[in-house]
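Okay, here's what each chain looks like letter by letter:
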Amino acid sequence: MVDAPKGASGRVDAVNAGGALAAPFFSNIGQAVRRGEFFAGLFILGFSNGIFERITWAIEKGTIENALLGTFGISVLVWVACFIAVSLLLRQPPEPVTRNDLILGVAVIAAVLVPSAKVSWMALTGLGIYGLRCFEAGAPARRAAFVILAVTVPMFWSRLVFAMLSDWILRADAILVSLIVGTQRVGNTVGFADNSGYLIILPGCSSLADVSLAVLGWALFTQALTRRPSLKDVLWCLAACSAVIVINVTRIALIGLHREHFELLHGAVGASVASFLALVAIVGINVIRVRDDLFARS
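Note that the structure is predicted; figures quoted are calculated from it, not measured.

### Regarding the overall build of the chain
(1) Moving on: Within the chain, the regular secondary structure consists of twelve helices and three strands.
(2) Moving on: A fraction of 72% describes how many contacts in the chain between residues 6 or more apart in sequence connect residues 24 or more apart.
(3) Moving on: As displayed, the chain has an accessible area near 16700 Å², and 68% of this comes from carbon and sulfur atoms.

### Re the pattern of salt bridges
(1) Moving on: One pass over the full model with this rule turns up four salt bridges.
(2) Moving on: Between Arg 35 and Glu 95 there is a salt bridge, with the nearest N and O atoms lying 3.4 Å from each other. Taken together, the positions of Arg 35 in helix α3 (residues 35-61) and Glu 95 in the loop between α5 (76-90) and α6 (99-113) put the pair 60 residues apart, joining distant regions of the chain.
(3) Moving on: Its relative accessible area of 27% is what places Glu 95 among the partly exposed residues.
(4) Moving on: Note that Arg 35 and Asp 101 form a salt bridge whose closest N and O atoms lie 2.6 Å from each other. In this pair, Arg 35 is assigned in helix α3 and Asp 101 in helix α6, connecting sequence segments 66 residues apart. Here Arg 35 and Asp 101 have matching classes, each one buried.
(5) Moving on: Here the salt bridges do not stand alone but share partners, grouping Arg 35, Glu 95 and Asp 101 into one network.

### Overview of the side chain of Asp 101
(1) Moving on: The buried category is assigned to Asp 101, whose relative accessible area is 0%.
(2) Moving on: At a separation of 2.5 Å, a polar atom in the side chain of Asp 101 contacts the side chain of Tyr 130.
(3) Moving on: Discounting residues that sit within four places of it in the chain, Asp 101 has contacts with Arg 35, Phe 38, Phe 39 and Tyr 130.

### Remarks on the sheet that holds strand β3 (residues 198-200)
Strand pairing in a sheet relies on backbone hydrogen bonds, with the paired strands running either antiparallel or parallel.
(1) Moving on: Overall, antiparallel pairing links the three strands, which are arranged β1-β2-β3 in an open sheet. The sheet is open, and its two edges are formed by β1 (185-186) and β3, each paired on a single side.
(2) Moving on: Pairing geometry for β1 and strand β2 (residues 189-191), over two bridges, is antiparallel. From the neighbouring strand, Arg 185 faces β2, where its bridge partner is Val 190.

### Regarding the environment of Thr 71
(1) Moving on: The residue Thr 71 is located in the loop between α4 (64-69) and α5 in this model.
(2) Moving on: Not counting residues up to four positions away in its chain, the partners in contact with Thr 71 are Val 76 and Trp 79.
(3) Moving on: Only 2.5 Å separates the side chain of Thr 71 from the backbone oxygen of Ile 74, close enough to count as a polar contact.

### Details of a nonpolar patch on the surface
(1) Moving on: On the surface, a cluster of nonpolar side chains totalling about 710 Å² of accessible area is made up of Met 122, Trp 157, Leu 160, Val 161, Met 164, Leu 165 and Trp 168.
(2) Moving on: Here the nonpolar patch gets six residues from one element, more than from any other, and that element is helix α8 (residues 140-181).
(3) Moving on: Position of Leu 160 among the secondary structure elements: in helix α8.
(4) Moving on: In this structure Leu 160 comes out as partly exposed when scored by relative accessible area, which is 33%.

Quick notes on the rules
Residues numbered from 1 in each chain as written. Predicted model: local features only at pLDDT ≥ 70, side-chain atom pairs only at ≥ 80, totals over all residues. Heavy atoms only, no water. Helix = DSSP H or I, 4+ residues; strand = E, 2+ residues; numbered from the N terminus. Contact = heavy atoms within 4.5 Å. Areas by Shrake-Rupley, 256 points an atom, 1.4 Å probe, with all protein chains shown as cover. Salt bridge = Lys/Arg side-chain N within 4 Å of Asp/Glu carboxyl O. Buried < 20%, exposed > 50% of the residue type's maximum accessible area, 1.4 Å probe, protein only. Polar contact = N/O pair within 3.5 Å; in protein donor to acceptor, adjacent residues only side chain to side chain. Pairing = 2+ DSSP bridges. Patch = residues over 30% accessible without salt bridge, like charges linked within 9 Å, V, L, I, M, F, W, Y side chains within 5 Å.

Structural data, given as structure tokens:
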């Protein structure tokens, strides 16, 4: 019988326990960093790279003060969602980082090194899907993974969907506006009520951006309920989406009805009021939903 060489016993144990030989360097990383902290770091890294272009654009467009006041052109809901995701990850009970986690981490870091925000959002999508698969139901990290996926909806996926279906989406908005204004519609244009010309609905006026934020708000409140979404929850999500569509379409219709107030309704004031009302609608509907759920449990 031949004895194992000196120093080989640890490697033999590693093979017997995990079925593969673990590199000491990666093993040390897995023991030094908690799993929740590791995922939080990856999320912050990917999110920072994903929003870098928007932040620089917002600063170049005006002053740093105005960029801060405008939250760098990123919805308050997105910032709140990021805070909640990181908080949930840091609340994850201590457990070591696995080898698959490290492989995922290398992939996310590689994506961040690519000078493209789109690659970072796709990497964060993968991070969220991986978190849903590897963490137990109800665990803080699993709930954070759900929030991370929801964040990618308004920041990336809704824009991709719009790029593919922009004509259909803008025409749908135009149809709703024409029904209120009562004038002819041609493609994504709607006639002014005073017959002085046509109002063109451009991508920046689309309801899809607000709808994606409604989905994000629904996801945040879903995690507040700490249970799996049901069909009733989906109906609440549709209610929030419908509310923000009504707000956006009403604003555009008011422009069509009152061309003399075009600058007011279409400018910063009109946009700010519409965004505020949409935020109130999203939060309000979801608060009613949570209250309804609490009453049902009691």
